[in-house]
Amino acid sequence: AMKKIYKACLKYPEWKRKHDPNLKPWRYPEQNMLPSINVADLTVQRADSLESIDESSVSEEKAQHHSDDDET
């Protein structure tokens, strides 16, 4: 996964120049078109509550993988 991320990062500057280079909603919030979340709807989830996740019904079959060059 890290190899794929690294390869994608190397290609990002050129890709961004071709794909809406002025769109940067992480820098300019007024460009964000996603719906807002009501802060009152958020709840705190403690890390210790994550320790009792039941994964007994999850299949252990491996997912189909692609070579390192496929998705970059």
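Here the structure is a predicted model, which is why all the values come from computation and not from measurement. (Residues numbered from 1 in each chain as written. Predicted model: local features only at pLDDT ≥ 70, side-chain atom pairs only at ≥ 80, totals over all residues. Heavy atoms only, no water.)

Peer 1: Describe in detail the overall build of the protein chain, supporting the description with residues and values.
Peer 2: When you go through the protein chain residue by residue, the secondary structure sums to 1 helix and 0 strands. The 72 residues of the protein chain split such that 1% are buried. Approximately 7,600 Å² of the protein chain is accessible, and the part contributed by carbon and sulfur atoms is 54%. (Helix = DSSP H or I, 4+ residues; strand = E, 2+ residues; numbered from the N terminus. Buried < 20%, exposed > 50% of the residue type's maximum accessible area, 1.4 Å probe, protein only. Areas by Shrake-Rupley, 256 points an atom, 1.4 Å probe, with all protein chains shown as cover.)

Peer 1: Got a sec to walk through unusual backbone geometry? Specific residues and values, please.
Peer 2: The phi dihedral of D20 falls on the positive side, at around 50°, and the residue is not glycine. In this fold, D20 is placed in the segment after α1 (2–18). Judged by relative accessible area, which is 47%, D20 ranks as partly exposed.

Peer 1: Let's hear about the pattern of salt bridges: which residues, and what values?
Peer 2: What the rule picks out here adds up to 1 salt bridge. Residue K18 pairs with E14 through a salt bridge whose shortest N-O separation is 3.3 Å. Within this pair, K18 and its partner E14 are both found in helix α1, separated by 4 residues, close to a single helical turn. Among the residues examined, K18 registers a relative accessible area of 61% and is labelled exposed. Given the relative accessible area of 44%, E14 is considered partly exposed. (Salt bridge = Lys/Arg side-chain N within 4 Å of Asp/Glu carboxyl O.)

Peer 1: Describe the side chain of K16, listing the residues and the values that go with them.
Peer 2: Turning to its location among the elements, K16 is positioned in helix α1. Look at K16: it is buried, it has no salt bridge, and the nearest opposite charge is D20 at 6.1 Å. A polar atom in the side chain of K16 sits 2.8 Å from the backbone oxygen of L23. Apart from residues no more than four positions distant in its own chain, K16 is found in contact with P21, L23 and W26. (Lys, Arg positive; Asp, Glu negative; His and termini not counted. Polar contact = N/O pair within 3.5 Å; in protein donor to acceptor, adjacent residues only side chain to side chain. Contact = heavy atoms within 4.5 Å.)

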